[in-house]
Amino acid sequence: MALHCPECGFVNADGANYCQRCGAFLGAQDRPGGEQSDPVTATYRVGETGELIPVDLEEASSEGPVVVIRSGGGRTGESFPLDRDRMTIGRRPDSDIFLDDVTVSRDHALLVRRGGDLYLDDLGSLNGSYVNRRRIESHRLEDGDELQIGKYKLTFLQR
């Protein structure tokens, strides 16, 4: 059974949680057999020797804000704790959040703490930075915001 995107109408493969064309959440649409599906994001971090270490999202966000990759680059579920006042996002290998794809500028964006809030600032990237599908120059982040950096879609979690 194919799943139609409620946003753009694209026909997605059975079992998809997000639209392959626009990235919209497909929701708990009826699945074969009448069952409902809840979205699940696998979350992990990469250990020092390259092994994948499972991360409990509730636990990760309980220690402070995190950004989780929702799609893009085969890194779905990878999380980054936002534990500093400034964190760079880009294609430069020494970026705090390194996103290796040509759709990401070398110095794409900056996560910066102002007062008690976290902001995403675009650094003049070619493809722009988006929060909740709107192109931004600077945006104060709220729990659940969807960030798009190049082909990567990330979710900001703060509990």
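Above: the structure in question.
Residue numbering note: each chain is counted from 1, following its sequence as written. Given that the model is predicted, a residue must reach a pLDDT of at least 70 before its local features are reported, and side-chain atom pairs must reach 80 or more before they are shown or counted; all residues, however, enter totals for whole chains, interfaces and linings. With hydrogens and water stripped out, all remaining heavy atoms of the structure feed into the side-chain values.

J.: Honestly, the overall build of the chain in this entry has me stumped. Any pointers?
T.: The number of helices and strands found in the chain is one helix and 15 strands. Note on contacts: a residue pair is in contact if any heavy atoms of the two residues lie within 4.5 Å. Contacts in the chain between residues at least 24 apart in sequence constitute 32% of all its contacts with a sequence separation of at least 6. Surface exposure of the chain reaches about 8900 Å², of which carbon and sulfur atoms provide 47%. Runs of H or I in DSSP of at least four residues are treated as helices and runs of E of at least two as strands, each being numbered from the N terminus. Accessible surface is estimated by sampling points in the Shrake-Rupley manner with a 1.4 Å probe; for residues, cover comes only from the protein chains shown.

J.: I would appreciate a short explanation of the sheet that holds strand 13 (residues 138-140) in the present structure.
T.: Two modes of strand pairing occur in sheets, parallel and antiparallel, and in both the strands are linked by backbone hydrogen bonds. Spatially, 8-7-9-10-13 is the arrangement adopted by the five strands of the open sheet, whose pairing is mixed. Lying at the two open borders of the sheet, with one neighbouring strand each, are strand 8 (97-98) and strand 13. One ladder, built from three bridges, connects strand 10 (residues 117-122) with strand 13; its direction is antiparallel. From the neighbouring strand, Tyr119 faces strand 13, where its bridge partner is Arg140. When DSSP finds two or more bridges between two strands, those strands count as paired.

J.: Honestly, unusual backbone geometry in this entry has me stumped. Any pointers?
T.: Note on backbone geometry: most residues besides glycine have negative phi, and most peptide bonds are trans. Despite not being glycine, Asn132 has its phi angle at roughly 50°, a positive value. Located in the positive-phi region is Arg133, a residue other than glycine, with phi close to 70°. Among the secondary structure elements, Arg133 is positioned in the loop between strand 11 (129-131) and strand 12 (134-136). Type-normalised accessible area, obtained with a 1.4 Å probe on protein chains alone, sets the label of each residue: buried when under 20%, exposed when over 50%, and partly exposed for intermediate values. Residue class for Arg133 comes out partly exposed when judged on its relative accessible area of 44%.

J.: It is not clear to me how the nonpolar core should be interpreted in this structure. Could you clarify?
T.: Soluble, globular proteins show a tendency: their nonpolar side chains are buried together. Residues enter a nonpolar core if they are buried and are Ala, Val, Leu, Ile, Met, Phe, Trp, Tyr or Cys, with the set joined through side-chain atoms within 4.5 Å. Counting residues in each nonpolar core, the largest one holds 21 residues, and the members touching the most others are Leu82, Ile89, Ile97, Leu99, Leu111, Leu120 and Ile149. Mapped onto this core, the elements with two or more residues apiece are strand 5 (66-71), strand 7 (86-90), strand 9 (109-114), strand 10, strand 14 (146-149) and strand 15 (152-157). With three residues, strand 15 is the single largest residue contributor to this core. Membership of the second largest hydrophobic core comes to six residues, among which are Ala16, Cys19, Ala24 and Leu26.

J.: For this particular structure, what's the right way to read the pattern of salt bridges?
T.: It is possible for side chains bearing opposite charge to pair when their charged atoms get close. Whenever Lys or Arg places a side-chain nitrogen within 4 Å of a carboxyl oxygen from Asp or Glu, that contact is recorded as a salt bridge. Taken as a whole and assessed by the stated rule, the structure comprises eight salt bridges. Measuring nitrogen to oxygen at the nearest pair gives 3.3 Å for the salt bridge that ties Asp85 to Arg113. Placement of Asp85 in the loop between strand 6 (79-81) and strand 7 and of Arg113 in strand 9 is noted, with a sequence separation of 28 residues between them. For Arg113, a relative accessible area of 29% corresponds to the partly exposed category. The salt bridge partner of Arg92 is Asp107, with a shortest N-O separation of 2.8 Å. Of this pair, Arg92 sits in the loop between strand 7 and strand 8 while Asp107 is found in the loop between strand 8 and strand 9, placing the two residues 15 residues apart along the sequence. Judged by its relative accessible area of 34%, Arg92 is partly exposed.

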